[in-house]
Amino acid sequence: MSPSADTVARTGSAPLLGLLLLCSFLWATAYLLMKVLGADIAPMPLTAIRGVLGGGLLALWLLARGQGILPRGREWRDWIVLGILQGIVPNTLTAYALADTEAGLAALIAASSPLMVAVLAHWLFADQRLTGRRAGGVLAGFTGMAILIGPAAFAGSGLLGPLAMLATAASYAFGVIYVRGIPAPQPVRLALGQQVFSGLPTMIAVLAVTGPSAFAAVPAHGLELVAFGVFSTAVPIALYMQILRLAGPTLGSMNAYLTPVWTVLLGVLVLHETIGPREILGGLVVLGGIAVASSANRRRTA
């Protein structure tokens, strides 16, 4: 049950805005750190490290609160599915894409995930049909994606990275649809399971196929990896859960708009990436389409 307007008002809009800005900023740093770390660590080992670090920190947090960390009942299935759809697949593909795709562009493409959720929900749920304003928002969002990716496709170069990010967005979308079918989901435990069942299986697979040499560059990037696991994974997840508890999913969805904006700014300032008129226009159209579709859906639900 989402918090009421009175609850949000008592909590205060300024603290919530601060939580949103901090959460989206920290999630944006993941793109920068993955791009830096990806120069020396392959995508699969990087996925393993992120999952193990994030899952370990979330497990410690739950233990400190007196909660169990072992899966119970159907959690085994849910954690495995989310570990694949929202962990192994998107993290690995993102690391691969960032090898030759700018962080800002990657984040803008990944932001299309809510549009894919809307399309999937149209086919799967009778009360989520794409009509009127919502359909227009989704169409506008995909038009923005065509603006972002189209020139790369016609140029015949640099297309694999954007396509990998599209697959990343699709994997997140399937994960969101799956979560909708979980009765009485517990977000913190789902986040724990997602990280653990992303990191441990990937770690085992990498060690079995490549061996410890896959992690040879880890000591040279100790600080970056700690920041990656703590500040780009575990902390923003905890902040996001706090936002959901205080204000519900409507405000929490703002992360979809803020994270790519932070990523573009950080990419320009820290990585000296360039962003041109096409990226700006395409990004604005994508985010605008998401905003229109989301607002229409909220009014319809109300």
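Only a predicted model underlies this, so the values are computations on that prediction, with no experimental measurement involved. All residue numbers here refer to positions counted from 1 along the written sequence of the relevant chain. Whole-chain, interface and lining totals are the exception, using all residues; otherwise, since this is a predicted model, local features are given only for residues with pLDDT of at least 70 and side-chain atom pairs are given and counted only at 80 or more. Calculation of side-chain values draws on the structure's entire complement of heavy atoms; hydrogens and water are dropped beforehand.

1. What to know about the overall build of the chain
Numbered from the N terminus, helices here are DSSP runs of H or I no shorter than four residues, and strands are runs of E no shorter than two. On a plain count of helices and strands, the chain comes out with 13 helices and zero strands. Of the regular secondary structure in the chain, the N- to C-terminal order runs α-α-α-α-α-α-α-α-α-α-α-α-α. To measure how exposed things are, a 1.4 Å probe is used in the Shrake-Rupley method; for residues, cover is taken only from the protein chains shown. Surface accessibility of the chain: about 14100 Å² in total, with carbon and sulfur atoms responsible for 72%.

2. Structural notes on unusual backbone geometry
Located in the positive-phi region is His 272, a residue other than glycine, with phi close to 60 degrees. With respect to the helices and strands, the residue His 272 is situated in the loop between α12 (255-270) and α13 (277-301).

3. Things to note about the side chain of Thr 92
Checked against the element boundaries, Thr 92 lands in helix α4 (residues 75-97). Not counting chain neighbours up to four residues away, the residues in contact with Thr 92 comprise Pro 43, Met 44, Thr 47 and Gly 87. Contacts were defined at the residue level, with two residues in contact if any of their heavy atoms lie within 4.5 Å.

4. Some thoughts on the pattern of salt bridges
Pairing between side chains of opposite charge can happen when the charged atoms of each approach one another. The salt bridge criterion pairs a side-chain nitrogen of Lys or Arg with a carboxyl oxygen of Asp or Glu, the two atoms within 4 Å. Under the definition given, this model contains two salt bridges. With its nearest N and O atoms 2.8 Å apart, the salt bridge here joins Asp 78 to Arg 74. For Glu 75, the salt bridge goes to Arg 189, with nearest N and O atoms at 2.7 Å. With Glu 75 in helix α4 and Arg 189 in helix α9 (residues 187-209), the pair connects residues that are 114 residues apart, well separated along the chain. Note on accessibility: Glu 75 and Arg 189 belong to one class, buried. Accessible area is worked out with a 1.4 Å probe on protein chains only. A residue is then buried under 20% of its type maximum, exposed over 50%, and partly exposed in between.

5. Let's talk about empty space enclosed by the protein
Using a grid of 1 Å spacing that covers the protein atoms alone, one calls a set of points a cavity when a 1.4 Å probe fits there but cannot get out, and a pocket when the set is open and has protein on both sides within 12 Å along at least five of seven lines; lining residues are those with an atom within 4 Å of a point. Grid points are joined across faces, edges and corners, and a volume is the space filled by probe spheres set on the points. Taken as a whole and assessed by the stated rule, the structure comprises one cavity of 30 Å³ or more. By volume, the largest cavity is sized at about 60 Å³. If you trace the largest cavity, you find it lined by Glu 102, Gly 104, Leu 105, Leu 108, Val 264, Gly 267, Val 268, Glu 273, Thr 274, Ile 275 and Glu 279. At the level of secondary structure, the elements contributing two or more residues to the lining of the largest cavity comprise α5 (103-110) and α12. As a working rule, the residues Ala, Val, Leu, Ile, Met, Phe, Trp, Tyr, Cys and Pro are called nonpolar, Asp, Glu, Lys and Arg charged, and the rest polar, with Gly in that last group. Grouping the amino acids of the lining of the largest cavity by side-chain chemistry returns five nonpolar, three polar and three charged.

6. Brief notes about the packing of α4 against α9
Throughout, an axis means a line fitted to C-alpha atoms (over the contacting stretch in the case of helices), and angles, computed between N-to-C directions, take values from 0 to 180 degrees. It is the contact of α4 with α9, at a shortest axis distance of 7 Å, that shows an interaxial angle of 65 degrees. The chirality of how α4 crosses α9 is right-handed. Along the contact surface, α4 presents Glu 75, Trp 76, Asp 78, Trp 79, Ile 80, Leu 82, Gly 83, Gln 86, Gly 87, Ile 88 and Asn 91, while α9 presents Arg 189, Leu 190, Leu 192, Gly 193, Gln 194, Phe 197, Ser 198 and Thr 202. Partitioning the contact of α4 with α9 into residue classes produces eight nonpolar, eight polar and three charged. In this scheme the handedness of a crossing depends on how the near helix is turned from the far one: anticlockwise by less than a right angle means left-handed, clockwise means right-handed.

7. Considerations on α12
Each residue after the first adds 1.5 Å to the expected span of a helix. Here α12 contains 16 residues, and its C-alpha end-to-end distance of 21 Å stays within 8% of the 22 Å for a straight helix at 1.5 Å per residue. Listed as buried for α12 are Asn 255, Tyr 257, Leu 258, Thr 259, Pro 260, Thr 263, Val 264, Leu 266 and Gly 267. Directly beyond the C-terminal end of α12, a positive phi value near 60 degrees is found at His 272.

8. With respect to the nonpolar core
By nonpolar core we mean a set of buried residues, namely Ala, Val, Leu, Ile, Met, Phe, Trp, Tyr and Cys, connected to one another through side-chain atoms within 4.5 Å. Counting residues in hydrophobic clusters, the biggest one holds 38 residues, and the most contacted among them are Tyr 31, Leu 37, Leu 46, Ile 109, Leu 148, Met 165 and Phe 228. One finds Leu 58, Ala 59, Trp 79 and Ile 182 within the second-largest nonpolar core, a separate group that totals 13 residues.

9. Some details on the packing of aromatic side chains
For this analysis, a ring pair means two rings from Phe, Tyr or Trp (six-membered ring only for Trp) whose centres lie within 6.5 Å, classed as stacked if their planes differ by under 30 degrees, edge-to-face if by over 60, and tilted for the remaining angles. Under the definition given, this model contains four aromatic pairs. Measuring from ring centre to ring centre gives 6.1 Å for Trp 76 and Phe 197, while their planes differ by 80 degrees; the resulting arrangement is edge-to-face. Of this pair, Trp 76 sits in helix α4 while Phe 197 sits in helix α9; the two residues are 121 residues apart in sequence, bridging distant segments of the chain. Taken together through their ring pairs, the aromatic side chains of Trp 76, Trp 79 and Phe 197 make up a single cluster.

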